[in-house]
Each structure stands twice: as C-alpha cells, then as structure tokens.
Amino acid sequence: MEINENLQAERNLKGAEFEKSGNPEKAIELYEENVKEGFKGNHPYDRLATIYKNQNDIENEIRVLEKAIIVYEEITLVDRIEGLPKLFRFKNRLEKALETKKQLAKQKKAKLK
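Keep in mind that this is a model prediction, so the values were computed, not measured.

Time to look at the overall build of the protein. Secondary structure assignment for the protein yields 5 helices and 0 strands. Going from N to C terminus, the protein has its helices and strands arranged as α-α-α-α-α. When the 113 residues of the protein are sorted by exposure, 33% land in the buried category. If you sum the accessible surface of the protein, you get close to 7600 Å²; carbon and sulfur atoms cover 54% of it. Each charge class in the protein can be summarised by its mean position, and for the 23 positive and 21 negative side chains these summaries are 8 Å apart.

See the structure below:
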C-alpha cells in the first residue's frame, strides 16, 4: 500500500477543523485513517487518545496509544532520534490509561457485590 503523506496531512488538518467545529465523530474518522496507515507523526494519535479519553472510551484510547508506541519505536530506531521523547510520552499515557482501566474494573466489580 502506497502512503500519500499529503493526504495524511490534509486529513489531520481537516480533523482539527472538525474538532473545532464540534464534530469529533468526523475528526475520529479522518484520524483513524491515518492511524490505520501508520502515520509517522504524533498528531492523529494524540488527538484520538484525547478524544477517546474525553468520551470515556478507554479501550480505543489504549488501542491508539499502543499503535502510537509501535510507530514511534520504529521511527526512533530507523531514523528519528527526536521521536524518543514522544515515544516516552505515549508509553506514559498508556500506563495511565491501563491504570484507569484497572480502577474502572475494580469499581464495576465492587458494584456487583
């Protein structure tokens, strides 16, 4: 599959516009396309993780952060050492999301008792 970086950049810009105009669902569609294609930049991963977190969609937040880590591990190893701080940031966010998931599971379990 050939990646069109101009199209990906356009999706990110359009996604940001949709977010500003109060249409996160349309933004999600565009950002998800870039994530699916393994976009080599942080924008769609950051935005999706934030949108999903705000929507209390922990599963999708975790999925996007895991994908970001995979992409940034590759970027950092191949040719962009400046990606290291972003890789660490994504790992930190994933750790927090996983902790939140664990806390939610505990709360749910406690309610069932």
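Next comes the rest of the account.
One finds Tyr45, Leu48, Leu65, Tyr72 and Phe90 to be the most contacted residues of the largest nonpolar core, which totals 23 residues. Contributions of two or more residues to this core are made by helix 2 (24–36), helix 3 (43–54), helix 4 (58–78) and helix 5 (84–112). Considering each element in turn, this core owes the most residues, 9 residues, to helix 4. Once residues lying within four places of it in the same chain are set aside, the contact partners of tyrosine 45 are Asn34, Val35, Gly38, Phe39, Val64, Lys67, Ala68, Val71 and Phe90.

Take helix 1 (residues 5–20) next. For the α-helix, the turn length of 3.6 residues means that residues three or four positions removed from each other point alike. Relative to the 22 Å expected for 16 residues at 1.5 Å per residue, helix 1 spans 23 Å between its end C-alpha atoms, a close match to the ideal helical length. Buried residues in helix 1 make contact with helix 2 and helix 3. With a side-chain oxygen lying 3.0 Å from the backbone nitrogen of asparagine 6, the N-terminal cap of helix 1 falls on asparagine 4. Where helix 1 ends, the next residue or the one after it, glycine 22, has phi of about 80°, a positive value.

On inspection of all chains with the given rule, the structure shows 2 aromatic pairs. Both rings, one in tyrosine 45 and one in phenylalanine 90, keep their centres 6.3 Å apart while their planes meet at 80°; by these two values the pair is edge-to-face. With tyrosine 45 in helix 3 and phenylalanine 90 in helix 5, this residue pair connects regions lying 45 residues apart in the sequence. Each member of the pair tyrosine 45 and phenylalanine 90 is classed as buried. Feature note: the residues Tyr45, Tyr72 and Phe90 constitute an aromatic cluster, connected by ring pairs. Arginine 89 extends its terminal NZ or CZ atom over the ring of phenylalanine 90, reaching a point 5.1 Å from the ring centre.

All right, on to the pattern of salt bridges then. Charged atoms that come close allow side chains of opposite charge to pair. Applying the stated rule across the entire model yields 11 salt bridges. Among the salt bridges present, the one from lysine 40 reaches glutamate 74, with a minimum N-O distance of 3.3 Å. Taken together, the residues span a long stretch of sequence, with lysine 40 in the loop between helix 2 and helix 3 and glutamate 74 in helix 4 at a distance of 34 residues. Since its relative accessible area comes to 45%, lysine 40 is described here as partly exposed. In this structure glutamate 74 comes out as partly exposed when scored by relative accessible area, which is 43%. Several salt bridges converge on common partners, so that one network encompasses Asp46, Arg89 and Arg93.

What counts as what
- Residues numbered from 1 in each chain as written.
- Predicted model: local features only at pLDDT ≥ 70, side-chain atom pairs only at ≥ 80, totals over all residues.
- Heavy atoms only, no water.
- Helix = DSSP H or I, 4+ residues; strand = E, 2+ residues; numbered from the N terminus.
- Buried < 20%, exposed > 50% of the residue type's maximum accessible area, 1.4 Å probe, protein only.
- Areas by Shrake-Rupley, 256 points an atom, 1.4 Å probe, with all protein chains shown as cover.
- Lys, Arg positive; Asp, Glu negative; His and termini not counted.
- Charge placed at Lys NZ, Arg CZ, Asp CG, Glu CD.
- Core = buried A, V, L, I, M, F, W, Y, C linked by side-chain atoms within 4.5 Å.
- Contact = heavy atoms within 4.5 Å.
- Expected span 1.5 Å × (residues − 1).
- Polar contact = N/O pair within 3.5 Å; in protein donor to acceptor, adjacent residues only side chain to side chain.
- Phe/Tyr/Trp six-rings, centres within 6.5 Å; stacked < 30°, edge-to-face > 60°.
- Lys NZ or Arg CZ within 6 Å of the ring centre and 35° of its normal.
- Salt bridge = Lys/Arg side-chain N within 4 Å of Asp/Glu carboxyl O.

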